[in-house]
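What follows is the residue order along each chain.
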Amino acid sequence: MSVTVLITGGRAPVALDLARKFARSGARVVVAESSRAQLCARSSAVAVSYRVPPPNRAPEAFADALADIVKLEGVRLVVPTCEEIFWVARGRKRLPCEVLAEPLGTLRALHSKWEFVQLAKGFGLPVPETVLVTSQADLAGIRRPFILKPVFSRFGTKVRVVRGNVALRPGEGPWVAQELLGGTQICTYSVAVKGRLVAHAAYAVEFTASGACVSFEPVEQAEVDAWVTEFVARVGFSGQIAFDFMAGDRVLPLECNPRATSGVHLLGDELAGVLLGDVPDRPLRPAPGARAMIGLAMLGFGLAGVRSWPELRRWVSVVSAADDVIAVDGDRGPFLAQFGVLWENWIRSLWTRRSLIECSTYDIEWDGR
């Protein structure tokens, strides 16, 4: 596989994992990242890492920088990983290569927690009761309890459970009010080609850091798989796409993330070929016994969330069985780099009074602009 791949979002564990998968498959990997602290720059899987302008502050300069890298490095494929995908899609006409991203209009509809539900509902797929909220008056008559969250948001950082009266916060709207569902939260990660599912992993949310899952174990959930298969087929979607579901008495989607997510960690190196267009006869699935975790986060946030002896035994079981996504034999640079990423996010958190996870995306967030 003698091709050059450009991965954006080099701060993220999914970007690091994809870089390693591409490199082990024979591709040459270059990375573009706007943050000074990142994981990929110190990985032996990465040939070179470029610092680029922050996309949500300088979108034109960001697109120009990517175009320059593509031309200089002879890039065949650009693979966005995090929320910078929206900014990549915004400037994709400047990139003289293949870009693993749908047009911005499609991505916007999927990223919007209101438009996504309406789209799925129009396909006849089951969805939770959801109301668009643009003013305080829109809350009247909504059955309590419900979930209130901005139409464009991430990581569940601004989600509120409303059981009585609630005052909307100025400057954060519009919102969606969604019925409060019980059950187990299940996340998925998939790759599709023209509506055909070619890779798929589902995992239950168990240990988290500021709302983001940090341990990954595949689960079999036929209703989730069928829902995802039908949705991507109806959209005719191509690229990476992920969903959050709640599986209880009913299995219903909560939201869509039209980008890479942590399900990447459960799939093998064959994923690199799939992303380059090597379509398998059957969708790529996690190997039996696949387990992964963000080790440092499990030692910190995961352990801090333990509240009982059974939970502690479960934590020990997960840590013992899972492979650390960051610390990998033969590629130890990212293990040290993660402390720099954590430090930068911590300092920014103190400065802005935002959570660590919010600070990890401060310069790439896209809210429908």
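Check the entry above for the structure.
Residues numbered from 1 in each chain as written. Predicted model: local features only at pLDDT ≥ 70, side-chain atom pairs only at ≥ 80, totals over all residues. Heavy atoms only, no water.

Evaluation of the coordinates by the stated rule reveals two cavities of 30 Å³ or more. In this structure, the largest cavity spans a volume of roughly 50 Å³. Lining the largest cavity are T8, G9, R11, A32, E33, S34, V52, P55, F62, E84 and I364. When grouped by side-chain class, the residues that make up the lining of the largest cavity number five nonpolar, three polar and three charged. If you add up the space inside the second largest cavity, you get close to 40 Å³. Around the second largest cavity, the lining residues are K113, K149, S153, R154, F155, G156, T157, K158, V159 and E255. Here the lining of the second largest cavity is composed, by residue class, of two nonpolar, three polar and five charged. (1 Å grid on protein atoms, 1.4 Å probe; cavity = no way out; pocket = protein on both sides within 12 Å on 5 of 7 lines; lining within 4 Å. Points joined across faces, edges and corners; volume = space filled by probe spheres on them. Nonpolar A, V, L, I, M, F, W, Y, C, P; charged D, E, K, R; others polar.)

We now examine the pattern of salt bridges. Across all of its chains, the model carries 25 salt bridges by this definition. Among the ionic pairs, D17 bridges to K21, the shortest N-O distance being 2.7 Å. Residue D17 and its partner K21 are both found in helix α1 (residues 13-24); the two are separated by four residues, about one turn of the helix. Overall, D17 belongs to the buried group, its relative accessible area being 8%. (Salt bridge = Lys/Arg side-chain N within 4 Å of Asp/Glu carboxyl O. Helix = DSSP H or I, 4+ residues; strand = E, 2+ residues; numbered from the N terminus. Buried < 20%, exposed > 50% of the residue type's maximum accessible area, 1.4 Å probe, protein only.)

The quantities given are spatial measurements derived from coordinates; they are silent on function.
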